[in-house]
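Here is how the chains run, residue by residue.
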Amino acid sequence: MDLGIRGKVAIVVASSRGLGRASAQALAAEGADLLLCARGETALRTTAADIRRTTGVRVVDVVADVGSPAGIADVVRAAEDEFGRVDILVTNAGGPPAGPFESHGPEAWETAVRTNLTSVVELVRACLPGMRARRWGRIVNITSIAVKQPVDNLILSNSVRAAVTGFARTLANEVAPHGITVNNVMPGYTRTARVEELAERTAALEGKTPEAAYEAWESQIPMGRLGEPAEFGAMVAFLCSAQASYTTGASVPVDGGWIRSLL
């Protein structure tokens, strides 16, 4: 299927590795030009070079922390300077630290809100006027299965990503008349560095090995395995496509069936 986004311009946040990188690769494979950003320069430059070489699309890479207003301004300015517009916005951020409520002080909550919620709001604020003027846009937020079914020891992520979901669902109704869709993609347990960190943290809390943590997760997944980043990226690319023009306000799981709720 041709997703109809060849030549579109996409900002993909936190795209040097993991789910962000997989999303960027999937968009590039469909011919979208990219603005990639991340805090780590070495991994970002490597990812950008790999995508340029394998897909031939234009890729601009900006070292930036979108948890700060200056970082957001740098990213959006670079996209507008290089491409003249932003058609697609994929928001993403590393998950907050794991742990129960009493292990996180006020600073941890403030950082989680700034990194995982405020960054989404301000990136949308910067990109939305152009999308509205062109009457076409795609906004996709990478959230978590935790917004449907909270995950133990992830109280920061459970709380803040749920707030992103509420923001996105409300925004979707406001911008739908202007040809703009807003959706969320909820990754389940996927083979990324973040899941490796969670396995180590879970193992330490429960007194078992990381391998045992993986086995426990896989036992809860009807497909019996962890997801692969490319499987997640494919869903993001579809929701950014011309073909997904009548899907908005949705939170789509990519979790192998882990979420058990009806809705």
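Residues numbered from 1 in each chain as written. Predicted model: local features only at pLDDT ≥ 70, side-chain atom pairs only at ≥ 80, totals over all residues. Heavy atoms only, no water.

Q: So what exactly am I meant to see when it comes to the environment of A49 here?
A: Mapped onto the elements, A49 comes out in helix α2 (residues 41-55). Through-space distance from the C-alpha of A49 to that of V59 is 8.1 Å; in sequence the pair is ten residues apart. (Helix = DSSP H or I, 4+ residues; strand = E, 2+ residues; numbered from the N terminus.)

Q: Honestly, the packing of helix α1 (residues 18-29) against α2 in this entry has me stumped. Any pointers?
A: Think of two packed helices as two axes; the pair is described by the angle between the axes and how far apart they sit. At a minimum axis distance of 10 Å, the contact between α1 and α2 shows a crossing angle of 25 degrees. When the axes of α1 and α2 are compared, the pair comes out roughly parallel. Crossing of α1 over α2 shows right-handed handedness. Only T47, D50, I51 and T55 of α2 make contact with α1, whose side of the interface consists of R21, A24, Q25, A28 and A29. (Axes fitted to C-alpha atoms, helices over the stretch in contact; angles between N-to-C directions. Parallel < 35°, antiparallel > 145°, perpendicular 65-115°, else oblique. Left-handed = near helix turned anticlockwise from the far one by under 90°. Contact = heavy atoms within 4.5 Å.)

Q: Please clarify how the environment of A14 should be interpreted in this entry.
A: By secondary structure assignment, the location of A14 is in the loop between β1 (9-12) and α1. Owing to a relative accessible area of 26%, A14 belongs among the partly exposed residues under this scheme. For A14 and G256, which are 242 residues apart along the polypeptide, the C-alpha to C-alpha distance reads 24 Å. With sequence-adjacent residues up to four places away left out, A14 is seen in contact with G20, R21, C37, A38, N92 and A93. (Buried < 20%, exposed > 50% of the residue type's maximum accessible area, 1.4 Å probe, protein only.)

Q: I'm lost on the packing of aromatic side chains in this one. Help?
A: In this structure the tally under the stated criterion is four aromatic pairs. Ring centres 4.5 Å apart and planes at 15 degrees place the aromatic pair Y189 and W217 in the stacked group. In this pair, Y189 is assigned in the loop between β6 (180-187) and α6 (193-206) and W217 in helix α7 (residues 210-220), connecting sequence segments 28 residues apart. The exposure classification of Y189 matches that of W217, with both residues buried. In textbook terms, an aromatic cluster arises when at least three aromatic residues are bridged by ring pairs, as seen for Y189, Y214, W217 and W258. Directly above the ring of W136 sits K8, whose terminal nitrogen or CZ lies 4.1 Å from the centroid. When the ring centre of W136 is taken as origin, the NZ or CZ atom of R138, which lies over that ring, is 4.2 Å away. (Phe/Tyr/Trp six-rings, centres within 6.5 Å; stacked < 30°, edge-to-face > 60°. Lys NZ or Arg CZ within 6 Å of the ring centre and 35° of its normal.)

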